[in-house]
Amino acid sequence: MNEKIEPLIRLAKKLLLWLILPLVLVVFAFILGEQFEVGRLAAIASCEGSMNTNACVRSKGYLSYAPHYPDLTRRYFGGFARMIGGDLGASYYVAPPPPVAVPKASDAPADEDADEPEEKKPAPSNKK
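Since the model is a prediction, treat every value here as computed from it, not as a measurement.

A. Fine view of the overall build of the protein. Helices and strands together make up the secondary structure of the protein, namely three helices and zero strands. When the elements of the protein are put in sequence order from the N terminus, they spell out α-α-α. Out of the 128 residues in the protein, the part that is buried amounts to 14%. Counted over contacts in the protein with a minimum sequence separation of 6, partners at least 24 positions apart contribute 45%. Looking at the protein as shown, the accessible area adds up to about 11100 Å², and 64% of this sits on carbon and sulfur atoms.

B. Focus on the state of the cysteines. Enumeration over the complete set of coordinates arrives at one disulfide. Covalently, cysteine 47 is tied to cysteine 56 through a disulfide, its sulfur atoms 2.0 Å apart. A torsion of -70 degrees about the S-S bond marks the disulfide between cysteine 47 and cysteine 56 as left-handed. Residues cysteine 47 and cysteine 56 agree in their burial class; the two are buried.

C. Representation of helix H3 (residues 72-88). The end-to-end C-alpha distance of H3 is 24 Å, a good match for the 24 Å that 17 residues give at a rise of 1.5 Å each. Within the span of H3, buried status applies to Arg74, Gly78, Ala81 and Gly85. Down the axis of H3, the smallest arc covering the buried residues is 65 degrees, so these residues share one side. Across from the buried face of H3, at angles greater than 90 degrees, the exposed residues are Tyr76 and Asp87. Along its buried surface, H3 packs onto helix H1 (5-46). Looking one or two residues beyond H3, the residue adopting positive phi is glycine 89, at roughly 110 degrees.

D. Molecular detail of H1. Taking 1.5 Å per residue as the helical rise, H1 with its 42 residues ought to reach 62 Å, and the 59 Å between its terminal C-alpha atoms agrees with that figure. A bend of about 35 degrees at leucine 16 is the largest found in H1. Turning to H1, its buried residues number three or more, namely Ala29, Gly33, Glu37, Arg40, Ala43 and Ile44. The inward-facing, buried residues of H1 abut helix H2 (53-59) and H3.

E. Summary view of the nonpolar core. Among the nonpolar cores identified, the biggest contains seven residues, and these are Ala43, Ile44, Cys47, Cys56, Val57, Tyr62 and Tyr69. Broken down by secondary-structure element, the contributors of at least two residues to this core are H1 and H2. Discounting chain neighbours no more than four positions away, the residues touching tyrosine 69 are Phe36, Glu37, Arg40, Tyr62, Leu63, Arg74, Arg75, Gly78 and Arg82.

F. Expanded view of the packing of aromatic side chains. Throughout the structure, instances matching the rule amount to two aromatic pairs. Seen from their ring centres, phenylalanine 36 and phenylalanine 77 are 6.5 Å apart, and the 55 degrees between their planes marks the pair as tilted. Note that phenylalanine 36 is positioned in helix H1 and phenylalanine 77 in helix H3, a separation of 41 residues in sequence. Residue class for phenylalanine 77 comes out partly exposed when judged on its relative accessible area of 26%. Summarising the aromatic geometry, the rings of tyrosine 62 and tyrosine 69 are spaced 5.8 Å apart at their centres and angled 65 degrees between planes, so their arrangement reads as edge-to-face. Of the two residues, tyrosine 62 and tyrosine 69, neither departs from the other in class, the shared state being buried.

Reading guide: rules and limits
In this convention, every chain numbers its residues from 1, walking through the sequence in written order. Since the coordinates come from a predicted model, pLDDT governs what is reported: local features require at least 70, and pairs of side-chain atoms require 80 or more to be given and counted, while whole-chain, interface and lining totals use all residues. Just so you know, side-chain values use all the structure's heavy atoms and leave hydrogens and water out. For the purposes of this entry, the term helix denotes a DSSP run of H or I that reaches at least four residues, the term strand denotes a run of E that reaches at least two, and both are numbered from the N terminus. Relative accessible area decides the class of each residue, using a 1.4 Å probe on protein chains only: under 20% of the type maximum gives buried, over 50% gives exposed, and in between gives partly exposed. Two residues qualify as a contact provided that any one of their heavy atoms is within 4.5 Å of a heavy atom in the partner residue. Surface accessibility follows the Shrake-Rupley procedure with a 1.4 Å probe radius. Residue values consider only the protein chains on display as shielding. Any cysteine sulfur atom paired with another within 2.5 Å is treated as part of a disulfide. Helix span, expected: 1.5 Å multiplied by one less than the number of residues in the helix. Note that the arc is computed from the directions linking the helix axis to the C-beta atoms. Consider a residue and the seven residues that end there alongside the seven that start there; fitting an axis to each set, the bend is the angle between those axes. Grouping buried Ala, Val, Leu, Ile, Met, Phe, Trp, Tyr and Cys residues that are joined through side-chain atoms within 4.5 Å yields what is termed a nonpolar core. Between 30 and 60 degrees the pair is tilted, below 30 it is stacked and above 60 it is edge-to-face, where a pair is any two Phe, Tyr or Trp rings, Trp via its six-membered ring, whose centres lie within 6.5 Å.

This is a description of form; function is not addressed.
Spelled out as structure tokens, the structure:
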């Protein structure tokens, strides 16, 4: 080969090995983790109206608390995607359900008989 082209080919090989290949691997790991997160959020959304949300989410293969994944592979890829995606502006926060409305003591009637109208008593007669 030409002596001027040989250093350029060597540089291109090093660039491919040390820059482009790791970048492709990082992007692939982010996309894979993002798919795991989308699946987790979809499972949580589908279990939103169920009576026991924790059991429903667990039946779909996820945990309802902080690690979110029972196995390490999905946990690491999902955590990596949440870290990078959070820096890019994505939100993976799942809002907790609103608290149950408990009636206040002032809202409840003081006496059950207070709701019923009192019986009318005959007026006293004015006969003398």
